[in-house]
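Now for the letters of each chain:
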Amino acid sequence: MNENSKKQLKKTGRPLKNDPAKIRYTISFNEEEHARFLALFDQSGMQVKAHFITSCIFDKTIKSVKIDKGTVDFYMRLTSFHSQFRAIGINYNQIVKLLYRHFSEKKAAAFLYKLEKQTAEMAMLCQKIIEITAEFEAEHLKKQREQ
């Protein structure tokens with residue numbers, strides 16, 4: 001038998017695909033078209049440019065998400081601030097318990113009066129934060145949804 005005509009199947013390596021993609025095409029872009037292509041590719045969120053091009057050609061759905069880094073950063077900081085605010089509330093409860101446990105009622109009441117003043121200032125600060133957040137949403141997030 002002729003060994004060249006009879007192919008031996010390999011038993012090592014990656015398994016063969018049933019329908020491998022063997023046919024390739026090339027495309028050329030000028031600078032403007034290339035920049036536009038890269039912008040669309042970045043918006044799609046896909047990892048492979050070939051898959052993106054195939055999706056465009058065969059009218060598959062293309063997911064395009066625009067992420068504003070400033071907005072994401074704002075909400076990350078707001079979330080961390082909120083968690084700090086909650087921690088202050090927990091500490092507030094612990095301080096009140098400790099004051100009554102370790103001091104006389106008169107001394108504890110004096111310390112609580114000071115703590116109450118600080119709490120009022122913190123509540124005013126919280127209201128300002130809520131106003132700034134609402135203003136930020138009105139100016140930036142609503143505009144992005146309209147576009």
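Residues numbered from 1 in each chain as written. Predicted model: local features only at pLDDT ≥ 70, side-chain atom pairs only at ≥ 80, totals over all residues. Heavy atoms only, no water.

## A look at the overall build of the protein chain
As a reminder, the rule being used: Helix and strand definitions follow DSSP, with helices as H or I runs of at least four residues and strands as E runs of at least two, each counted in order from the N terminus. Partly exposed residues are those whose accessible area sits between 20% and 50% of the maximum for their type, while under 20% is buried and over 50% is exposed, using a 1.4 Å probe and protein chains only. Residues count as neighbours in contact if any of their non-hydrogen atoms are within 4.5 Å of one another.
Tallying secondary structure elements over the protein chain gives 4 helices and 0 strands in all. What you see in the protein chain, going N to C, is helices and strands ordered as α-α-α-α. Taking all 147 residues of the protein chain together, 9% fall into the buried category. Within the protein chain, contacts between residues at least 6 apart in sequence are counted, and of these 33% link residues at least 24 apart.

## Comments concerning the packing of aromatic side chains
Spelled out, the test is: The pairing test for Phe, Tyr and Trp rings, Trp by its six-membered ring, is centres within 6.5 Å, and the orientation test on the planes gives stacked under 30 degrees, edge-to-face over 60, and tilted for anything in between. Two limits define a charge over a ring: the Lys NZ or Arg CZ must be within 6 Å of the ring centre, and within 35 degrees of the ring normal.
All told, the structure shown has 5 aromatic pairs when counted by the stated rule. The interplanar angle of 55° and the centroid separation of 5.7 Å between the aromatic rings of phenylalanine 37 and phenylalanine 52 together place this pair among those described as tilted. Of this pair, phenylalanine 37 sits in helix 1 (residues 31-44) while phenylalanine 52 is found in helix 2 (residues 49-57), placing the two residues 15 residues apart along the sequence. Each of the two residues, phenylalanine 37 as well as phenylalanine 52, counts as buried. Pairing phenylalanine 103 with phenylalanine 111 gives two aromatic rings, centres 5.4 Å apart and planes at 55°, and the pair type is tilted. Here a set of aromatic residues connected by ring pairs shows up, and it is made of Phe29, Phe37, Phe41 and Phe52. Lying across the ring of phenylalanine 41, lysine 49 places its NZ or CZ 5.9 Å from the centre.

## Describing the packing of helix 1 against helix 2
Two quantities define a packed helix pair, namely the angle between the axes and the distance from one axis to the other. Quick reminder of the rule: Orientation is described by lines fitted to C-alpha atoms, with helices fitted over the stretch in contact, and by angles between N-to-C directions that extend from 0 to 180 degrees. Each angle receives one of four descriptions, namely roughly parallel if under 35 degrees, roughly antiparallel if over 145, roughly perpendicular if within 65 to 115, and oblique otherwise. Any residue outside Ala, Val, Leu, Ile, Met, Phe, Trp, Tyr, Cys, Pro, Asp, Glu, Lys and Arg is labelled polar, Gly included; the first ten of those are nonpolar and the last four are charged.
Interhelical geometry of helix 1 versus helix 2 gives an angle of 95° and a closest axis separation of 11 Å. Taken together, the axes of helix 1 and helix 2 are roughly perpendicular relative to one another. Listed contacts from helix 2 to Phe37, Leu38, Leu40, Phe41 and Ser44 of helix 1 are Lys49, Phe52 and Ile53. Of the residues assigned to the contact of helix 1 with helix 2, the class counts are 6 nonpolar, 1 polar and 1 charged.

## Description of the layout of surface pockets
A probe as big as a water molecule, rolled over the atoms, marks out the empty space that is left. For clarity, the cut-off: A pocket here means an open set of points on a 1 Å grid, computed over the protein atoms alone, that has protein on both sides within 12 Å along at least five of seven lines. A cavity is instead a set of points where a 1.4 Å probe fits but cannot get out; residues with an atom within 4 Å of a point line either one. Grid points are joined across faces, edges and corners, and a volume is the space filled by probe spheres set on the points.
Estimated volume of the largest pocket: approximately 810 Å³. Lining the largest pocket we find 20 residues, and of these Ile23, Ala50, Ile53, Thr54 and Ile57 sit closest to its centre. Going through the elements one at a time, helix 1 and helix 2 are the ones with two or more residues in the lining of the largest pocket.

## Examining the pattern of salt bridges
A side chain of one charge can pair with a side chain of the opposite charge if their charged atoms are brought near each other. Using the following cut-off: Any Lys or Arg side-chain nitrogen found within 4 Å of a carboxyl oxygen on Asp or Glu counts as a salt bridge.
In this structure the tally under the stated criterion is 1 salt bridge. In this structure, aspartate 73 and arginine 77 form a salt bridge, with 3.2 Å as the shortest nitrogen-oxygen distance. Here the residue aspartate 73 and the residue arginine 77 both occupy positions in helix 3 (residues 69-102), the gap between them amounting to 4 residues, near one helical turn. For aspartate 73, a relative accessible area of 38% gives the class partly exposed. Assessed through its relative accessible area of 58%, arginine 77 is described here as exposed.

## A short note on the confidence of the model for the protein chain
Counted only if it meets this: Here pLDDT means the predictor's own confidence in every residue, given as a number from 0 to 100.
Overall, the predicted model of the protein chain reaches an average pLDDT of 78, with 83% of residues at or above 70. Per-element confidence in the protein chain ranges from a low mean pLDDT of 79 for helix 4 (residues 105-146) to a high of 87 for helix 1.

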